[in-house]
Each structure stands twice: as C-alpha cells, then as structure tokens.
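# Summary of the model geometry
Here are the chains, one letter per residue:
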Amino acid sequence: MFIINQYRWVQKFIPFLLMASLLVGKGNASLRIGFWNVENLFDEYNDKGVNDGEFALGGKKEMKPDVMTLKLKNLSEILTKINPDVFGLCEIENNSMLVRWNQFCDVRNYSIVHYNSPDNRGIDVGLFYDASKMNVISSKPIPVLLPTGGKTRDILLVKFESKGHSFYVFVNHWPSKYGGVEKTIPLRAAAGKTLRMEIEKILNQDPTADIIVMGDLNDEPTDPSVNIHLGASMNLSDLGRGKYILWNVMKKYHRNPEGSTYKYGGKDMVYDHLIVSRGLMDDRGWGLISNSVTVFDGKKYRQHGGRYDGFPFRFWAGSRLLGGYSDHMPIFLEIELNLEIDLK
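So, here is what we can say about the structure in this document. (Residues numbered from 1 in each chain as written. Predicted model: local features only at pLDDT ≥ 70, side-chain atom pairs only at ≥ 80, totals over all residues. Heavy atoms only, no water.)

### Some thoughts on the overall build of the protein
Basically, it comes down to this: Under the scheme used here, helices are H or I runs from DSSP no shorter than 4 residues and strands are E runs no shorter than 2 residues, and both carry numbers assigned from the N terminus. Our radius of gyration is a C-alpha quantity, and the globule rule it is checked against amounts to 2.2 Å times the number of residues to the power 0.38. Between buried and exposed lies partly exposed: a residue is buried under 20% and exposed over 50% of the maximum accessible area for its type, with that area taken using a 1.4 Å probe on protein chains only. Contact definition: two residues touch when any of their heavy atoms are within 4.5 Å. Each accessible area value is a Shrake-Rupley result obtained with a 1.4 Å probe; residue values ignore everything except the protein chains displayed when judging cover. His is not counted, nor are the chain ends; Lys and Arg add positive charge and Asp and Glu add negative charge. Positions of charges follow a simple convention, taking NZ of Lys, CZ of Arg, CG of Asp or CD of Glu.
The secondary structure content of the protein amounts to 5 helices and 18 strands. The C-alpha radius of gyration computed for the protein amounts to 22 Å, which stays within 12% of the reference 20 Å derived for 344 residues, consistent with globular compactness. Referenced to the eigenvectors of the C-alpha coordinate spread, the extents of the protein come out at roughly 90 × 45 × 40 Å. Scored against the burial criterion, the 344 residues of the protein give a buried share of 52%. Across the protein, the fraction of contacts at a sequence separation of at least 24, relative to all contacts at a separation of at least 6, is 69%. Looking at the protein as shown, the accessible area adds up to about 16600 Å², and 53% of this sits on carbon and sulfur atoms. For the protein, the distance from the average position of its 42 positive side-chain charges to the average position of its 40 negative side-chain charges is 3 Å.

### Some thoughts on the nonpolar core
Under the convention used in this document: Residues belong to a common nonpolar core when they are buried Ala, Val, Leu, Ile, Met, Phe, Trp, Tyr or Cys residues joined through side-chain atoms within 4.5 Å.
Core analysis: the largest hydrophobic core is formed by 66 residues, its most contacted members being I33, W36, L89, W101, L127, F160 and L333. With 7 residues, helix α2 (residues 65–82) is the single largest residue contributor to this core. Setting aside residues up to four positions removed in sequence, F160 forms contacts with V86, L127, Y129, M134, N135, V136, I137, H165, S166, F167 and V169.

### Let's talk about the sheet that holds strand β13 (residues 272–277)
So the rule is basically this: At least two bridges found by DSSP between two strands are what make those strands a pair.
One open sheet accounts for 7 strands, arranged β5-β6-β7-β8-β13-β10-β9; its pairing is mixed. Two strands close off the open sheet at either side, each with one partner strand: β5 (135–142) and β9 (232–233). Relative to strand β8 (residues 211–216), strand β7 (residues 165–173) runs parallel, the two being bridged by 6 bridges. Opposite V171, over in β8, you have M214 as the bridge partner.

### Side note on the pairing of strand β2 (residues 86–92)
Put simply, the test is: With the strands aimed away from the viewer, a crossover counts as right-handed if its path from the first strand over the helix to the second runs clockwise.
With 7 of 7 residues buried, β2 lies mostly within the body of the structure. Summarising the sheet, strand β1 (residues 30–41) and β2 pair through 6 bridges and their orientation is parallel. Within the sheet, the bridge partner assigned to N37 lies in β2 and is C90. Taken together, β1, α2 and β2 constitute a β-α-β crossover, and its handedness is right-handed. Relative to strand β4 (residues 124–129), β2 runs antiparallel, the two being bridged by 6 bridges. Its bridge partner lying in β4, G88 is registered against L127.

### Brief notes about helix α3 (residues 95–104)
What counts here: For this quantity, the arc is that covered by the directions from the helix axis to the C-beta atoms.
All of the buried residues along α3 are M97, L98, W101 and N102. An end-on view of α3 places all buried positions within 140 degrees of arc, on one side of the element. Buried residues along α3 sit in contact with β1, α2, β2, β3 (111–114) and β4.

### Things to note about the packing of aromatic side chains
For clarity, the threshold we go by: Classification of ring pairs rests on two measures: the distance between centres of Phe, Tyr or Trp rings, Trp counted by its six-membered ring, which must be within 6.5 Å, and the angle between planes, read as stacked under 30 degrees, edge-to-face over 60 and tilted in between.
Inspection of the entire model under this criterion finds 13 aromatic pairs. When the ring of W36 is compared with that of W101, the centres are 6.4 Å apart and the planes differ by 65 degrees; the resulting orientation is edge-to-face. Separated by 65 residues along the polypeptide, W36 in strand β1 and W101 in helix α3 bring together distant segments of the chain. The burial state of W36 is the same as that of W101; both residues are buried. The structure contains a cluster of three or more aromatic residues connected by ring pairs, namely W36, W101, Y110 and F128.

### Remarks on the side chain of T152
Summarising the element assignment, T152 is placed in the loop between β5 and β6 (155–162). Discounting chain neighbours no more than four positions away, the residues touching T152 are S117, P118, D119, V144, L146, H173 and P175.

### So, the environment of G323
On the secondary structure map, G323 appears in the loop between β17 (320–321) and β18 (331–337). Given a relative accessible area of 18%, G323 falls into the buried group. In sequence terms G323 and K48 are 275 residues apart; their C-alpha atoms lie 28 Å from each other.

### Some points on the pattern of salt bridges
Note the threshold: Within this document, salt bridges are pairs made up of a side-chain nitrogen of Lys or Arg and a carboxyl oxygen of Asp or Glu, the two lying within 4 Å of each other.
Taken as a whole and judged by the stated rule, the model has 19 salt bridges. The partner of R255 in a salt bridge is E220, and the shortest N-O contact between them spans 2.9 Å. In this pair, R255 sits in the loop between β10 (246–248) and β11 (262–264) while E220 sits in the loop between β8 and α5 (224–230), placing the two residues 35 residues apart along the sequence. K267 is paired through a salt bridge with E220; the nearest N and O atoms lie 3.8 Å apart. Of this pair, K267 sits in strand β12 (residues 267–269) while E220 sits in the loop between β8 and α5, placing them 47 residues apart in sequence. Because the salt bridges share partners, they merge into one network encompassing D85, R108, D130 and K133.

### Comments concerning α2
The cut-off we apply is this: Helices are assigned an expected span. That span is 1.5 Å times one less than the residue count.
When the terminal C-alpha atoms of α2 are compared, their 26 Å separation across 18 residues agrees well with the 26 Å that a helix rising 1.5 Å per residue should span. Of all the residues in α2, the buried ones are V67, M68, K71, L72, N74, L75, S76, E77, I78, L79 and I82. Positive phi shows up at N83, right after α2, with a value of about 55 degrees.

Shown next, in the form of structure tokens:
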C-alpha cells in the first residue's frame, strides 16, 4: 500500500519536476548577440582602387607589425570579455582581417560571414558566429543605392537556425555625416528605406519572425532615417501604430553620459543600435531577455581628462597612435528560446 501511494505521489509531481528541469535548462538555450564598430581594421597593404594607403606599411599612420599586433590584441580583449555567440562588425577591410582577428581570440573559434562592399574606403560589414551553436541557413549582401550615385557599405543579412528555431540578423554601417549633416541626410534615409523594404519582405511572409537589426547607423534613434524611414521607435507601445514596425531597444542609453556608444563635440550619442521585431516579444521561438541590452563599458575603455573626457578610448587620433580600442563602444543583447510546455 505504501509503495502504491508513494508511486502516486511521484506521479502527481512529475509535471512540476518536468517544469523545473526545463526552466533550469532554459539558460542553456540563450544566445548573446552583439555589434561593434572596430575603427578602421585595415590590413597593411595599399590596394589599388581603394583609399587605404594611410594604413599601409610606410603610410601616413606609420603602420608597423607591432602596431597591427596591438590592434588585434586589443580587439580580442573585448571580444573575449563579451564572449558573444553572434557578433556583427563594421569598419573591416576584408575577410583576411576577420580571419587574423579570430586567430587572436582565446575563447572561441568563430566562423565568418563576409562580403566585399563597394565602399570607396574599402570598408565592409561582417559577422562572427559560433557554428557549434547555430547554422547559417542563408546570407546575402543588400546594396544601398544612394541618390547621389555614390558608393557605400552593403547591408548584411544572415538567417540563422539554432535549437530548431530561426532568427534573422541585419548588420549595418550607414553613410556618415562627412561632407555636412544636412547634405548627407538623404544618404541615411536611403539606407533606412532599403533596410525597411528587406524587413517587410520577411514580415509579409512571417509576421512573427525574430529579427535583430544592429549597426552603426550614423544617426540617433530620434533621427528621421531611423525613426521614420526604418520605422523603429524607442517605445514598445508604438509597434503596429502608423509607420512603426520595430522596437529600438537603446532608449536606456540615449543621451546618457554614463553609457553612450559614441561622443562627438562633447555630446553623448547612440549611433550604434540594437533594434528588434515584434517576434522577439511573443511567446514563440526566440525572445528578448529582459534587461539584457548592454553597452560594454569600463574605465579603461574611456578617455579621461581634458577635451575628450568620457570619449571611447580609440586606437587612432588622426595619424597619432593612442593605442586604445575603438571610437565606438560595443553593444549586445541576449535572446532565449521560449519553451512550449504541454503538461496535459
């Protein structure tokens, strides 16, 4: 009798034990996804047709092998500390530099997604990912056609699958304000419109698609290129209202002197964005982990004192070697798999 009752007691609590085991295992189904503008990661060679001579050996910046080693060492320090599963990157000259950087990384052996862009400076966007945790289903470069006819970086789209569920990552580096703010507004508007069209193609097929947009957009969250043309709002409640199709999760850091991603003229700015679709807020597939959005920061990664107090500790200041990391701070968020449990 005791044995039967004991068995019934265990049977009664099986659903709760199952729930507990699944919740414990949920952390193992999380992914850290980040982005960083790494400030001019060029190789040491002066390539024809590309404006990269200042970074070549014997060039204006007096590049030497030990300087390149320092650059890769510093980048790897931060990569190791963030330890991302997916890491979007910009201001990369070519695939070779991604391979060389990866060789400096102590934590993981990343796989790479990269396409050459038509940018006049020869800089591209790219992406590291941990192939032991996910598969690339597809990837492609998306050209941005500028109204001036000029050339800029492509947008990188990668579709991943992990744990049986897919998600999309868009890596961006929009045109800068070089040449004047007003004059360059149409260039970033073109990038925002291009990105939105690609996202809408996905959402038209699957309104619940899990999409992460990342990049140095060279505009802030409230600028028209991001807020209007892309349709990304910092207020989650705006999604589905009018033009808004995405949530810009950088509100916490917008104009925040304690956590801006970029500074110019002493002004704290968010130029580096993480933006997500509604699918990452539902109870299916991948979901954004609450309070996971982070600007990687620390005293040693900022400049201190003088005119540039609080600025990211960059590697170059013109042609002068500072020996820091980048003029932008890295950013990341975390997603986890929403487990559908049927205890009936």
